[in-house]
Amino acid sequence: MDVFEQVAAKNHEQVTFCHDEVSGLKAIIALHDTTLGPGLGGTRMWPYKSTEDALKDVLRLSRGMTFKSAAAGLNLGGGKAVIIGDPKKHRSETLFRAFGRFVEGLAGRYITAEDVGTNIQCMEWVRMETRHVTGISRALGGSGDPSPVTAQGVYWGIRASAKERWGSDSLEKKHVTIQGVGAVGFHLAQLLVKAGAKVTVCDIDEENLKRTQKACKVEVVSAEQIFDVPADVFAPCALGAVINDDTLPRLKVEIVGGSANNVLDDERRHGRGLMEKGILYAPDYVINSGGLINVANELEGYNQERALKQAEGIYDIILKVYDIAKREDVPTHKAADNLALRRIAEIGKIKRSYIPSEGARGGSYRGVV
Ligand code: NAD
């Protein structure tokens, strides 16, 4: 397919191909929709087999960011970047500074952050060339590790789901299973135990299991068993595509909500499958938006207390999603998309009136959360 046809297929605004001979940089920056604000999204470094694969990925990921920011109530749009290369071999100061200069060239329309294959060090190199970067270390005034804020958002998303399902958001004596006690799952387990929940966890990493058992009272099952444990809530905090043809029939829970991205293997089929089984699904990109809220916070001078408080706002957003799902008789993941699309459409309309002082953007990135 022609490049312009691919860009037009999902209505992307701008795609920038970046090449630098000295560093060997080959990168693509995609801006999907900047109605609400600059496109914010991480830079993924991956040894893509072809430019075609890299383009496909960056178009898909940047569009996902549009929905995530819009549903989270942030004044940010959708953007993402990919660097074609092997992170183990090709990460260098020269390469990331070259990339940073391209980000700077977009004059704030795109704000980058770390993603798969990049880390805080890479973002600090980028920052030598541009201010339009987030997710840098606390020492440099950045937001550092987002996982405590992500966990806080997931916790409030689970409470909202409990309210929807059982009429009370108390998690006292509720049984929650967590798949993966890495950065997010570890914090989530502690929040749930503190709220009086019974928590069962699994992980393939012994160290992470031990660390969690040391921090709070949890039961441990094997990674394979986790889908068969009868419980009230299942929180996937490890991998994507965990709700699939194999696991869906095995689930014995009433709510699914966790930090993992792309939880539904096949969005349409498994989203509907959960609904038909009577399982309430907290859409992944809404319940895990604490990480994004955390970096958005950095744009206005980072304050973790404020970020944690804002992540509590996920409670109301999740309830709004459930309300739309009921009113429109659609699965909850579709309701989340509808919420995001309507916000973009409505805010887009009020932006018809030009304000001379507005510049690149007006008001706060933090939006309504
Ligand atoms: P992490 O790598 O720190 O933790 C993942 C944990 O899952 C690890 O302990 C790993 O051993 C475990 N795991 C991997 N495969 C497993 C399996 N088959 N069964 C059981 N456990 C398994 O990652 P994280 O930062 O905690 O993120 C978890 C998920 O949440 C990821 O999908 C990530 O994309 C998503 N997410 C994270 C954030 C954040 O702030 N870190 C924000 C948004 C979304």
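Residues numbered from 1 in each chain as written. Predicted model: local features only at pLDDT ≥ 70, side-chain atom pairs only at ≥ 80, totals over all residues. Heavy atoms only, no water.

1. Concerning the pattern of salt bridges
A side chain with one charge can pair with a side chain of the opposite charge if their charged atoms come near. Applying the stated criterion to the full structure yields 19 salt bridges. In this structure, arginine 60 and aspartate 57 form a salt bridge, with 2.7 Å as the shortest nitrogen-oxygen distance. Of this pair, arginine 60 and aspartate 57 both sit in helix α2 (residues 51-71), 3 residues apart, which is roughly one turn of that helix. Accessibility expressed as a relative area gives 12% for aspartate 57, which makes it buried. Residue glutamate 129 is joined to arginine 101 by a salt bridge in which the shortest nitrogen-to-oxygen separation is 2.9 Å. Highlighted residues: glutamate 129 in the loop between α5 (120-127) and α6 (147-166) and arginine 101 in helix α4 (residues 93-105), separated in sequence by 28 residues. Looking at glutamate 129, the relative accessible area reads 18%, which means it is buried. We classify arginine 101 as exposed; its relative accessible area is 58%. A cluster of three or more residues bridged by salt bridges with shared partners is formed by Glu93, Arg97, Arg101 and Glu129. (Salt bridge = Lys/Arg side-chain N within 4 Å of Asp/Glu carboxyl O. Helix = DSSP H or I, 4+ residues; strand = E, 2+ residues; numbered from the N terminus. Buried < 20%, exposed > 50% of the residue type's maximum accessible area, 1.4 Å probe, protein only.)

2. Topic: the domain arrangement of the protein chain
Taken domain by domain, the protein chain holds domain 1 (3-65 + 76-140) and domain 2 (147-342). With centres defined by C-alpha atoms, the gap from domain 1 to domain 2 works out at 28 Å. Contacts between the two partners involve 10 residues from domain 1 and, on the opposite side, 8 residues from domain 2. Across the interface of domain 1 and domain 2, roughly 680 Å² is buried in total on both sides, 69% from carbon and sulfur atoms. Taken as a group, Leu76, Thr134 and Arg138 account for 48% of the area that domain 1 buries against domain 2, more than any other trio of residues on that side. Between the two partners, domain 1 and domain 2, sit 0 salt bridges. Linking domain 1 with domain 2 are 1 residue pair in polar contact (both at pLDDT 80 or more). For the side of domain 1 that touches domain 2, the class distribution of residues is 6 nonpolar, 2 polar and 2 charged. (Domains from an automatic or database assignment. Contact = heavy atoms within 4.5 Å. Buried area = accessible area lost by both parts, 1.4 Å probe. Polar contact = N/O pair within 3.5 Å; in protein donor to acceptor, adjacent residues only side chain to side chain. Nonpolar A, V, L, I, M, F, W, Y, C, P; charged D, E, K, R; others polar.)

3. With respect to the sheet that holds strand β10 (residues 233-236)
Ordered in space as β9-β8-β7-β10-β11-β12, the 6 strands form an open sheet in which the pairing is parallel. The open sheet is flanked by β9 (219-220) and β12 (280-281), the only strands paired with a single partner. Note that strand β7 (residues 175-179) and strand β8 (residues 198-202) share 5 bridges and pair parallel. Looking across to β8, one finds that isoleucine 178 is bridged to valine 201. (Pairing = 2+ DSSP bridges.)

4. Points about the pairing of strand β5 (residues 77-84)
Successive residues of a regular strand alternate their side chains across the two faces of the sheet. The element β5 is largely enclosed, with a buried count of 7 among its 8 residues. In terms of strand pairing, strand β2 (residues 25-33) meets β5 through 6 bridges, oriented antiparallel. In the strand pairing of β5, alanine 30 is matched with lysine 80. Pairing geometry for strand β3 (residues 39-40) and β5, over 2 bridges, is parallel. Note on β5: the bridge partner recorded for leucine 40 is glycine 78. Pairing between strand β4 (residues 43-46) and β5: 4 bridges, direction parallel. Residue pairing in the sheet places methionine 45 in a bridge with isoleucine 83 of β5.

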